[in-house]
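Architecture and fold: a report
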Amino acid sequence: MPSLGRLHLITDTRPGRDPLGVLRAALPVARAELVVQVRVADDATDREAYELARQVVALCRPYGATCLVNDRLHVALAVDAAGGHVGAADLPVRAARQVLGATAVLGATAREPVAAAEAVAAGASYLGVGPCHATTTKAGLPEPIGPAGVRAVAGAVDVPVIAIGGVTAASVPALRAAGAYGVAVVGAISASPDPARTTADLIEALTC
């Protein structure tokens with residue numbers, strides 16, 4: 001499995017957003033510390049997901065950054081991504097591991113210790129844990145778990161914990177202190193007037 005970067009950038013394909021433009025700004029700053037999770041809207045076609053993921057893989061390669069594909073594991077295989085990420089409504093982790101193979105990066109979503117431990121036992125390489133804070137990026141999310149929730153999960157598993165949900169550079173120190181290996185963001189970078197500067201701030205907070 002490739003070494004895992006600490007800053008996960010989830011593509012924002014909502015109207016008015018420019019996921020590739022944001023990625024071009026972030027990559028020279030974060031380089032190999034960046035993991036790009038290609039996520040598209042539920043109503044996007046597989047062809048649309050494939051075209052975006054194909055371009056992301058190509059952009060990541062010169063910087064040593066990692067590309068994963070959320071949910072659509074067949075797209076991950078088709079573009080030769082490093083792996084994928086599955087949520088609660090996607091394939092079970094054990095089935096996802098069978099699809100991707102033994103050496104791929106496989107992330108899974110968890111928010112409490114028992115489910116986290118089960119996901120790791122089933123083959124998850126890392127866990128996306130949250131939402132840590134309130135966020136408007138994705139509808140229908142449960143209540144935020146805060147740093148205390150991250151600490152509970154991190155104490156139950158031996159794989160990297162990636163905190164997600166309303167994360168900013170200012171909130172990173174508390175999440176790192178709670179045991180998070182890294183953080184995942186959407187709006188913090190994609191909605192920033194200066195994505196490169198915001199990426200630098202997040203990297204500094206993660207590595208200091």
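Coordinates for the structure precede this section.
These remarks concern the structure in this document. (Residues numbered from 1 in each chain as written. Predicted model: local features only at pLDDT ≥ 70, side-chain atom pairs only at ≥ 80, totals over all residues. Heavy atoms only, no water.)

1. Structural notes on the pairing of strand 6 (residues 126–129)
What you see with strand 6 is no split at all: Tyr126 and Gly128 on one side and Leu127 and Val129 on the other are buried throughout. Note: strand 5 (residues 105–110) against strand 6, 4 bridges, orientation parallel. When the sheet's bridge partners are listed, Ala110 is paired in strand 6 with Val129. Handedness of the β-α-β unit built from strand 5, helix 5 (residues 113–121) and strand 6 comes out right-handed. The pairing of strand 6 with strand 7 (residues 161–164) spans 3 bridges and is classified as parallel. Considered in strand 7, the bridge of Val129 is made with Ala163. (Buried < 20%, exposed > 50% of the residue type's maximum accessible area, 1.4 Å probe, protein only. Helix = DSSP H or I, 4+ residues; strand = E, 2+ residues; numbered from the N terminus. Pairing = 2+ DSSP bridges. Right-handed = clockwise from strand over helix to strand, strands pointing away.)

2. Structural notes on a nonpolar patch on the surface
Residues Leu77, Leu91 and Val99 make up a contiguous nonpolar surface patch of about 240 Å² in total accessible area. With respect to the helices and strands, the residue Leu91 is situated in the loop between strand 4 (83–86) and helix 4 (93–100). (Patch = residues over 30% accessible without salt bridge, like charges linked within 9 Å, V, L, I, M, F, W, Y side chains within 5 Å. Areas by Shrake-Rupley, 256 points an atom, 1.4 Å probe, with all protein chains shown as cover. Salt bridge = Lys/Arg side-chain N within 4 Å of Asp/Glu carboxyl O.)

3. A short note on unusual backbone geometry
With omega at 0 degrees, the peptide bond leading from Gly130 into Pro131 counts as cis. We note that Arg31 has phi near 50 degrees; this positive angle belongs to a residue other than glycine. Mapped onto the fold, Arg31 is located in the loop between helix 1 (19–30) and strand 2 (34–38). For Arg31, a relative accessible area of 41% corresponds to the partly exposed category. Notably, Asp80 is not glycine yet its phi reads approximately 60 degrees, a positive angle.

4. Focus: the state of the cysteines
Applying the stated criterion across every chain yields a total of 0 disulfides. Considering cysteine sulfurs only, Cys208 is the nearest to Cys132, which forms no disulfide, with 17 Å between them. (Disulfide = S-S within 2.5 Å.)

5. Structural notes on the pattern of salt bridges
Evaluation of the coordinates by the stated rule reveals 5 salt bridges. For Arg72, the salt bridge goes to Asp46, with nearest N and O atoms at 2.9 Å. Residue Arg72 is located in the loop between strand 3 (66–70) and helix 3 (73–78), and its partner Asp46 is located in helix 2 (residues 46–60); the two are separated by 26 residues in the primary sequence. Note on Arg72: relative accessible area 13%, which makes it buried.

6. Points about the nonpolar core
In this structure, Leu7, Leu34, Val56, Leu127 and Val150 are the most contacted members of the largest nonpolar core, which totals 62 residues. By size, the runner-up hydrophobic cluster in this structure holds 9 residues, among which are Val35, Leu68, Tyr126 and Ile162. (Core = buried A, V, L, I, M, F, W, Y, C linked by side-chain atoms within 4.5 Å.)

7. What about empty space enclosed by the protein?
Evaluation of the coordinates by the stated rule reveals 1 cavity of 30 Å³ or more. Estimates place the volume of the largest cavity at around 50 Å³. Around the largest cavity, the lining residues are Leu9, Ile10, Thr11, Asp12, Pro19, Val22, Leu23, Val36 and Ser190. Here the element with the most residues in the lining of the largest cavity is helix 1; it accounts for 3 residues. (1 Å grid on protein atoms, 1.4 Å probe; cavity = no way out; pocket = protein on both sides within 12 Å on 5 of 7 lines; lining within 4 Å. Points joined across faces, edges and corners; volume = space filled by probe spheres on them.)

8. Focus on the environment of Gly21
Looking at the secondary structure, you find Gly21 in helix 1. Sequence-wise, Gly21 and Gly155 are 134 residues apart; in three dimensions their C-alpha atoms are separated by 37 Å.

9. Comments concerning the side chain of Thr66
Turning to its location among the elements, Thr66 is positioned in strand 3. Here Thr66 is in contact with Ser3, Leu34, Val35, Val36, Cys60 and Ala82, once residues within four sequence places are set aside. (Contact = heavy atoms within 4.5 Å.)

10. Considerations on the layout of surface pockets
Leftover empty space is mapped by rolling, across the atoms, a probe with the size of a water molecule. Of the voids in this model, the second largest pocket is the one considered here, and its volume is about 220 Å³. Lining of the second largest pocket is provided by 13 residues; of these, Gly64, Ala65, Thr66, Cys67 and Ala82 occupy positions nearest its centre. Elements supplying a minimum of two residues to the lining of the second largest pocket: helix 2 and strand 3. Here the residues of the lining of the second largest pocket are counted per class, giving 8 nonpolar, 3 polar and 2 charged. (Nonpolar A, V, L, I, M, F, W, Y, C, P; charged D, E, K, R; others polar.)

11. A closer look at the packing of aromatic side chains
For any two aromatic rings, the description comes down to two numbers: the centre-to-centre distance and the angle of the planes. Tallied over the entire structure, the rule returns 0 aromatic pairs. Over the face of the ring belonging to Tyr181 we find Arg6, whose NZ or CZ atom lies 4.1 Å from the ring centre. (Phe/Tyr/Trp six-rings, centres within 6.5 Å; stacked < 30°, edge-to-face > 60°. Lys NZ or Arg CZ within 6 Å of the ring centre and 35° of its normal.)

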